[in-house]
Amino acid sequence: MQPYKKHQSIAALMRRSNVDTDQIIPKQFLKKVERSGFGIHLFHDWRFNEDGSDNSDFELNKAEFKGAKILVVGDNFGCGSSREHAPWAIEDYGFNTIISTSYADIFYNNCFKNSILPIIATKEQLAKLMDEVAANEGVSFTVDVENQELITPAGNGFKFEIDPFRKDNLIKGLDDIGLTLEQTDSIDQYEAKHKQNFPWLWA
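Counting starts from 1 at the beginning of each chain's written sequence and moves along it residue by residue. Owing to the predicted nature of the model, reporting of local features is limited to residues with pLDDT of at least 70; listing and counting of side-chain atom pairs is limited to 80 or more, with chain, interface and lining totals taken over all residues. Side-chain numbers come from the whole structure's heavy atoms, not from hydrogens or water.

Draft legend 1. Geometry of the pattern of salt bridges. Salt bridge, as used here, is a side-chain nitrogen of Lys or Arg placed within 4 Å of a carboxyl oxygen of Asp or Glu. The final tally for this structure, using the stated rule, is 6 salt bridges. Among the ionic pairs, D131 bridges to R15, the shortest N-O distance being 3.2 Å. Of this pair, D131 sits in helix α5 (residues 123-135) while R15 is found in the loop between β1 (6-14) and α1 (21-24), placing the two residues 116 residues apart along the sequence. Residue D131 is classed as partly exposed on the basis of its relative accessible area, which comes to 47%. On the basis of relative accessibility, which here comes to 49%, the residue R15 falls in the partly exposed class. One salt bridge in this structure joins D75 and K123, with 2.9 Å as the shortest N-O distance. Here D75, found in the loop between β2 (70-73) and α3 (85-93), pairs with K123, found in helix α5; they are 48 residues apart in sequence, far enough to count as distant. Residue exposure (1.4 Å probe, protein chains only): buried if accessible area is under 20% of the type maximum, exposed if over 50%, otherwise partly exposed. Residue classification places K123 among the exposed residues on the basis of a relative accessible area of 56%. Strands here mean DSSP runs of E at least two residues long; helices mean DSSP runs of H or I at least four residues long; both are numbered from the N terminus.

In structure tokens, the structure reads:
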């Protein structure tokens, strides 16, 4: 994973609540086990017309939101089935930050495993952010993970909570595999001792 400390990016707005994982990445695209290649299918049924052309009415197809890494959305994002392909698609598309008032638990946990920061805002905070983006589409927000702060040009930012362990992993760019690889020396020592104590298992 890429280390996530502080960055500034365009904030894209989706005034939609209860966006489930089948809307994030429809089931017909769940044919791979690797993480890459799902971004092109993100919000497929909303992004594209039946002929495959871009749906000009869909929010994220606006030119002002091109290249956005921050997604501002309504309540209960990532509900529905527990497919990890949903955060894979979000990350592969280019988003590394989501701002909502609430998330489905499994989706929330999976975000941290895929270098995505799911910020929890109050309803009042989210309403102000949405209004700021709507009034100035293409506006950029700053996300400072180390200081746990969202900063916006209109002053609608706030301090956000994040578990210290997850924060450290984001800053270092560590997923579960990365955490395991940090223990390589200990693993090697254990295997060497195990081989010495039980040589017949290694014959």
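So much for the structure itself; the text now carries on.
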